[in-house]
Amino acid sequence: MGAAMSTGMVFDIKEFAVHDGPGVRTTVFLKGCPLRCVWCHNPEGLAPLPQLMRGAAGSRLAGRTYTAQELAQRLNRQAAILQACEGGVTFSGGEPLQQAEFVAAVIDRLDGLHVVLDTSGYAGEHAFQQVVGRVDLVYFDLKLIDPAAHAHYTGVDNAPILRNLRRLADGSTPFVIRVPLIPGVTDGDDNLAAIAATVRDLPGLLRVDLLPYNQAAGAKYRAAGMAWTPPFDPSRPLNINTTLFETANVKVSVA
Ligand code: SF4
């Protein structure tokens, strides 16, 4: 029983990452996500099982099984350098909370490394608390506050996400809110003002990061043999309105 619960499906491990949390980090990308954001730039992270990626350089299989012990050993080998660079390990995806049992088992085997959870916030309460209670910092995505727009553009209801945000604020783990700015989808003043109003008084909030849309998404979809027909104009200029956050007394940065 224990062995089955402590294996996980990983589609990438990125070393010397500098955008996934403080310092220099090793980022583990867990495969499988319950959302289908129309702007997702990690198509190989969506399905829970391994899949063949075809690119100009040939084919490769995305997705590999690790035991918790095997992954922790690999991460622990870099502990000295990660600590010297005031970094650590980040669990991202896909949605890492889809494999909460596994992520918790890996964290329990780390040699005191600083851990960030990078999550969509979409998970059951048990999975959420199981991992959040073990990490030092959470990167929590907020995409759209309007429930209908959220369902339309991500495929899921945002009520579980907002419930987990409240649980996060009720706990003791500090967090950063990350807002992907997608032209004409999430970057409207109404949505940004609603996000500012949602987070402004939450205990534990360090800041809001606005993440401008990266146009490289399309090529990855083609490599995964998936259609890429975004229902927005990727070249439309973004509305990067930091003032809405500043006037709500929320610390904000543009990544
Ligand atoms: S939550 Fe992240 S990984 Fe999942 S579909 Fe959305 S952008 Fe992609």
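Everything below is about the structure printed above this text.
I will try to describe carefully the structure that is included in this document. (Residues numbered from 1 in each chain as written. Predicted model: local features only at pLDDT ≥ 70, side-chain atom pairs only at ≥ 80, totals over all residues.)

Glancing now at the overall build of the protein chain. Each helix and strand in the protein chain was counted, giving 10 helices and 11 strands. Its C-alpha atoms give the protein chain a radius of gyration of 18 Å, within 12% of the compact-globule value 18 Å for 255 residues. (Helix = DSSP H or I, 4+ residues; strand = E, 2+ residues; numbered from the N terminus. Rg over C-alpha atoms; globule rule 2.2 N^0.38 Å.)

With that settled, the discussion passes to the site of the ligand. Taken together, Cys33, Leu35, Arg36, Cys37, Cys40, Asn42, Gly45, Gly93, Gly94, Glu95 and Ser120 make up the full set of residues adjacent to the ligand. The residue inventory of the shell around the ligand, partitioned by class, reads 4 nonpolar, 5 polar and 2 charged. (Near = placed C-beta within 6 Å. Nonpolar A, V, L, I, M, F, W, Y, C, P; charged D, E, K, R; others polar.)

With that settled, the discussion passes to the sheet that holds strand E8 (residues 137–141). Spatially, the 9 strands line up as an open sheet ordered E5-E1-E2-E6-E7-E8-E9-E10-E11, and their pairing is mixed. The sheet terminates laterally at strand E5 (64–67) and strand E11 (252–254), the two strands that pair on one side only. The mean inter-strand angle of the sheet, taken between neighbouring strand axes irrespective of direction, is 30 degrees. Looking at chain direction, strand E1 (residues 7–17) and strand E2 (residues 25–30) are connected through 5 bridges and run antiparallel. Looking at E2, one finds that Asp12 is bridged to Phe29. (Pairing = 2+ DSSP bridges. Axes fitted to C-alpha atoms, helices over the stretch in contact; angles between N-to-C directions.)

A word on helix H7 (residues 159–170). Note on helix geometry: an α-helix contains 3.6 residues per turn, so any two residues three or four positions apart are oriented the same way. Across its 12 residues, H7 extends 17 Å between first and last C-alpha, which sits within 8% of the 16 Å expected from 1.5 Å per residue. Restricting attention to buried positions, one finds in H7 the residues Ile161, Asn164, Leu165 and Leu168. On an axial view of H7, the arc spanned by its buried residues comes to 110 degrees, and they lie on one face. Those residues of H7 that are exposed and angled more than 90 degrees off the buried face are Ala159, Arg166 and Asp170. Those residues of H7 hidden inside the fold are in contact with helix H5 (125–132), E8 and strand E9 (175–181). (Expected span 1.5 Å × (residues − 1). Buried ≥ 20, exposed ≤ 12 C-beta atoms within 10 Å, placed from the backbone. Arc of directions from axis to C-beta. Contact = placed C-beta atoms within 7 Å.)

Burial of E2 is extensive: 5 of the 6 residues sit out of reach of the surface. As judged from the 6 bridges shared by E2 and strand E6 (residues 88–93), these two strands associate in the parallel manner. Looking at the pairing, Thr27 lines up with Thr90 of E6.

Let's shift gears to the pairing of E9. The buried fraction of E9 is high, at 7 of 7 residues. Covered by surrounding structure in E9 are Phe175, Ile177, Val179 and Leu181 together with Val176, Arg178 and Pro180, the residues of both alternating faces. On the question of chirality, the crossover connecting E9 to the parallel strand E10 (residues 205–212) by way of helix H8 (residues 189–199) is right-handed. (Right-handed = clockwise from strand over helix to strand, strands pointing away.)

Next up on the list: unusual backbone geometry. With an omega of 20 degrees, the peptide bond between Gly93 and Gly94 qualifies as cis. Within the secondary structure layout, Gly94 lies in the loop between E6 and helix H4 (100–107). A positive phi angle is found at Phe16, which is not glycine, with a value near 55 degrees. Inspection of the secondary structure assignment puts Phe16 in strand E1. The phi torsion at Asn249 lies on the positive side, around 65 degrees, for a residue other than glycine. Summarising the element assignment, Asn249 is placed in the loop between helix H10 (243–246) and E11.

Okay, the environment of Phe140 next. Relative to the helices and strands, Phe140 resides in strand E8. A residue is classified by how many C-beta atoms lie within 10 Å of it, and Phe140, with 21 of them, is buried. Each C-alpha atom, one on Phe140 and one on Leu165, is 7.9 Å from the other, the two residues being 25 residues apart in sequence.

With that settled, consider H5. Among the residues of H5, Ala127, Phe128, Val131 and Val132 are the ones counted as buried. Projected down its long axis, H5 shows its buried positions confined to an angular sector of 115 degrees, all on one face. In H5, the exposed positions that point more than 90 degrees away from the buried face belong to Glu125 and His126. Elements that come into contact with the buried residues of H5 comprise H4, strand E7 (114–119), E8 and H7.

Running from amino to carboxyl end, helix H2 (residues 68–76) crosses H4 at an angle of 45 degrees, the nearest separation of the two axes being 8 Å. The angle between H2 and H4 places the two elements in the oblique class. As for how H2 packs across H4, the hand of that crossing is right-handed. Counted together, Ala68, Leu71 and Ala72 of H2 and Phe102, Ala105 and Val106 of H4 form the full contact between these two elements. The residue makeup of the contact of H2 with H4, split by class, is 6 nonpolar, no polar and no charged. (Parallel < 35°, antiparallel > 145°, perpendicular 65-115°, else oblique. Left-handed = near helix turned anticlockwise from the far one by under 90°.)

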